[in-house]
Amino acid sequence: MVSDKPRVRFPPSPTGFLHVGNAHTFVFNWLFARRLGGQVVLRIEDTDELRSTPEALDAIYDGLKWLGLDWDEGPDIGGPHGPYIQSERLQIYNRYCDQLLASGRAYPCYCTKEELDQRREELRAAGMPPRLVCPCRELSDDQRAAKEAEGRRPAVNFKMAETGVTVVEDLIRGRLEFANSEMGDVVIRKSSGYPTYHFAVVVDDHLMKITHVIRGEDHISNTPRHLQIMDALGFERPQHAHLPMVLGEDRTKLSKRHGATNVADYREMGFLPDAMLNYLALLGWSPGGEEEIFSRAELIERFDLSRVGKAGSVFERGKLEYVNSEHIKRAPRESLLEQMVPIFQEQGLLEQEPSAERLEWLGRVIELMRERMRTLRELGERNRYFFTDEFDYDEKARRKWLSRPEVPGRLRALADRIETLERYDAESLEALARALAQELEIGTGQLFHPCRAAVTGCTVGPSLFHLMELLDQADVVRRLRRAADFAERLSQQS
Ligand code: GLU
């Protein structure tokens, strides 16, 4: 019995990095398959011999793994329908290519690139779509033999139907019709012997028993061509779904000029893979209802192709940051710690081999700050005071609190008391500071705010005494005295 579980594919071309747009497509395929208990096939489409590189392949693996997108069959894990790298399947494509040549649906093409380009140019000039119209279609056997004798190595073209329409039934867009007269023939094997994308994809999707071809809208015009090749080879058609594109702010296809398009860059910038996955899923899919923040398991449970729209979605950095902040709030402390350690090290804030104690402390810092972080880098960038005395007092801290003549005395009094505090924790610090404010007959704010300015350099942040608890007692005392000196100089100047 044929399984009714879907089989989808991730077919990256290893010619660059993992682009956000491709990752978006893979996320939708993955959610669709995982939701229905189906399978995902990873297939490497390296038929562009000149542009495919091993480095690009590694970058794609890294990107997919970081996003947590797994697959059930692929070059790295094998499977019953391998090999999963197209350059290792040339004989397979040749077999099907020969079949089309034998049945007359394909013909050898001896044109040079210049001849082909020139013909396209002529069509364009005549106001027609620059499709592949090739005189080799009509060559007699003798004429072919003559070309061969000239030593020309032919490409192979597929003969598209010239009249009528090809209908694509799209799961998202419904019925789409394409006029056959406008499509032109399709190169299926290059003169180098390599198949083209159009051919390899059709053969592989068939042999790998793909049930659903889910890809970006930019592939729509390829689909009628693929359908005709499938029909000619007697392959069963898979179902098609063309996803809405990921757009830049100006609503054109997301590209470098809109900002980072490499998934790895988002990892570098401090985004959580779960947040990236969540955000990519929201681009074009509407979960229904108000909720937008979903765990991996929730996404799988809810994802439904019938709630994917046609219109492209703008990739908004601010929205991604919001989604990330929500995931940071929810993530297990250990997982945040693990991901942030290398960031702190790279920021020069943490030693290469931190002790267990230091990691425990770091875990507490993260816990205190997680509500306020939009990215994993921010803590080290904005809250250096956890790690070092080397921070500046910001403009507001200086102006509001450190330029008052009464402040130095208060800070020194506070320092003196903290210096002799026996149980150094948030509770004792707070009690001590409140008692001092009372003695000085000032509101607590008059002491707490300058204190925050002194120990952190800024006027806002998490609970003051919990923050101070995470700093070293002697460091706090030193910072309070340093700020007192600073405030004294400042108030003398003014
Ligand atoms: N290798 C193709 C690409 O990266 C795959 C397109 C498809 O899904 O058919 O665009």
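Residues numbered from 1 in each chain as written. Predicted model: local features only at pLDDT ≥ 70, side-chain atom pairs only at ≥ 80, totals over all residues. Heavy atoms only, no water.

Next up on the list: the packing of helix 9 (residues 273–282) against helix 11 (residues 317–330). Contact pair helix 9 / helix 11: the axes reach a minimum separation of 9 Å and the direction vectors enclose 135°. Considering their axes alone, helix 9 and helix 11 lie oblique with respect to each other. As for how helix 9 packs across helix 11, the hand of that crossing is right-handed. The residues of helix 11 that touch helix 9, namely those facing Asp-274, Ala-275, Met-276, Asn-278, Tyr-279 and Leu-282, are Lys-319, Leu-320, Val-323, Asn-324 and His-327. In terms of residue class, the contact of helix 9 with helix 11 is built from 6 nonpolar, 3 polar and 2 charged. (Axes fitted to C-alpha atoms, helices over the stretch in contact; angles between N-to-C directions. Helix = DSSP H or I, 4+ residues; strand = E, 2+ residues; numbered from the N terminus. Parallel < 35°, antiparallel > 145°, perpendicular 65-115°, else oblique. Left-handed = near helix turned anticlockwise from the far one by under 90°. Contact = heavy atoms within 4.5 Å. Nonpolar A, V, L, I, M, F, W, Y, C, P; charged D, E, K, R; others polar.)

A few words on the site of the ligand. Neighbouring the ligand are Arg-9, Pro-11, Ser-13, Glu-45, Tyr-197, Val-201, Arg-215 and His-219. Note that a nitrogen atom of the ligand is positioned 2.9 Å from one of the side-chain N or O atoms of Ser-13. In this structure, Tyr-197 approaches the ligand through a side-chain N or O atom, which is 2.6 Å from an oxygen atom. (Near = heavy atom within 4 Å. Polar contact = N/O pair within 3.5 Å; in protein donor to acceptor, adjacent residues only side chain to side chain.)

A few words now on the pattern of salt bridges. Scanning the entire structure with this criterion turns up 50 salt bridges. In this structure, Lys-113 and Asp-117 form a salt bridge, with 2.8 Å as the shortest nitrogen-oxygen distance. In this pair, Lys-113 and Asp-117 are both assigned in helix 4 (residues 113–125), 4 residues apart and thus about one turn of the helix distant. For Asp-117, a relative accessible area of 34% corresponds to the partly exposed category. (Salt bridge = Lys/Arg side-chain N within 4 Å of Asp/Glu carboxyl O. Buried < 20%, exposed > 50% of the residue type's maximum accessible area, 1.4 Å probe, protein only.)

Let us now look at helix 17 (residues 426–440). Helix length check: helix 17 (15 residues) gives 21 Å between terminal C-alpha atoms against 21 Å at 1.5 Å per residue, within 8%. Looking only at helix 17, the buried set comprises Ala-426, Ser-428, Leu-429, Leu-432, Ala-433, Leu-436 and Ala-437. The buried residues of helix 17 occupy an angular sector of 165° when the element is viewed end-on, so they sit on one face. Pointing more than 90 degrees away from the buried face of helix 17 are the exposed residues Glu-427, Gln-438 and Glu-439. At the exit of helix 17 stands Glu-441, carrying a positive phi of roughly 55°. (Expected span 1.5 Å × (residues − 1). Arc of directions from axis to C-beta.)

Buried residues dominate strand 8 (residues 212–216), accounting for 5 of its 5 residues. Pairing of strand 8 with strand 9 (residues 239–243), which is carried by 5 bridges, proceeds in the parallel orientation. Bridge pairing in strand 9 places Gly-216 opposite Leu-243. With helix 7 (residues 223–233) bridging strand 8 and its parallel neighbour strand 9, the resulting β-α-β unit is right-handed. (Pairing = 2+ DSSP bridges. Right-handed = clockwise from strand over helix to strand, strands pointing away.)

An order of 3-4-7 is seen for the 3 strands of this open sheet, with the pairing classed as antiparallel. Strand pairing shows two members of the sheet lacking a second neighbour, strand 3 (106–109) and strand 7 (186–189), which therefore form its edges. Direction aside, the axes of adjacent strands within the sheet are offset by 40° on average. Sheet topology note: the strand 3/strand 4 (residues 155–158) ladder contains 4 bridges and is antiparallel. Residue Ala-106 lies in a different strand from strand 4, and its bridge partner there is Phe-158. Each of strand 3, strand 4 and strand 7 touches helix 3 (residues 90–103); the most contacted strand, strand 7, lies at about 130° to it.

Attention now moves to the pairing of strand 1 (residues 7–10). A regular strand carries its side chains on alternate faces of the sheet. Covered by surrounding structure in strand 1 are Arg-7 and Arg-9 together with Val-8 and Phe-10, the residues of both alternating faces. Pairing of strand 1 with strand 2 (residues 39–42) involves 4 bridges; the strand directions are parallel. Counterpart to Arg-7 in the pairing with strand 2 is Gln-39. Read as a crossover between parallel neighbours, the route from strand 1 over helix 1 (residues 20–35) to strand 2 is right-handed.

All right, on to the packing of aromatic side chains then. With the rule as written, the count across this model stands at 15 aromatic pairs. Relative to Phe-387, the ring of Phe-344 lies with its centre 5.0 Å away and its plane at 45°, an arrangement referred to as tilted. Taken together, the residues span a long stretch of sequence, with Phe-344 in helix 12 (residues 333–346) and Phe-387 in the loop between helix 14 (378–382) and helix 15 (395–400) at a distance of 43 residues. One exposure class covers both Phe-344 and Phe-387, and it is buried. Their ring planes at 85° and their centres at 5.0 Å tell us that Phe-448 and Phe-465 sit as a pair that is edge-to-face. (Phe/Tyr/Trp six-rings, centres within 6.5 Å; stacked < 30°, edge-to-face > 60°.)

Turning our eyes to something else, we now look at the packing of helix 3 against helix 6 (residues 197–207). Orientation of helix 3 relative to helix 6, taken along the N-to-C sense of each, is 105°, at an axis distance of 10 Å. Relative to helix 6, the element helix 3 lies roughly perpendicular. On helix 6, the residues touching Ile-92, Tyr-93, Tyr-96, Cys-97 and Leu-100 of helix 3 are Phe-199, Ala-200, Val-203, Asp-204 and Leu-207. Of the residues contributing to the contact of helix 3 with helix 6, the split by class is 9 nonpolar, no polar and 1 charged.

The α-helix advances 3.6 residues per turn, and as a result positions three or four apart in sequence lie on the same side. With 12 residues, helix 18 (residues 445–456) ought to run about 16 Å at 1.5 Å a step, and its terminal C-alpha atoms sit 16 Å apart, in line with that. Extensive coverage of helix 18 is indicated by the burial of 9 of its 12 residues. For helix 18, the set of buried residues is Leu-447, Phe-448, Pro-450, Cys-451, Arg-452, Ala-453, Ala-454, Val-455 and Thr-456. At its buried positions, helix 18 is contacted by helix 15, helix 16 (407–419), helix 17, helix 19 (464–469) and helix 20 (473–493). Gly-457 occupies a position one or two residues after helix 18 and carries a positive phi of about 85°.

Take the environment of Pro-14 next. Its location among the elements puts Pro-14 in the loop between strand 1 and helix 1. Setting aside anything within four residues of it in sequence, one finds Pro-14 in contact with Ile-44, Glu-45, Asp-46, Arg-51, Ser-52, Thr-53, Ala-56, Leu-57 and Ile-60.

Secondary-structure assignment places Glu-115 in helix 4. Accessibility expressed as a relative area gives 29% for Glu-115, which makes it partly exposed. Along the chain, Glu-115 and Phe-26 lie 89 residues apart, while their C-alpha atoms are 38 Å from each other. In contact with Glu-115, not counting residues within four places along its chain, are Tyr-110 and Arg-152.

This is a description of form; function is not addressed.
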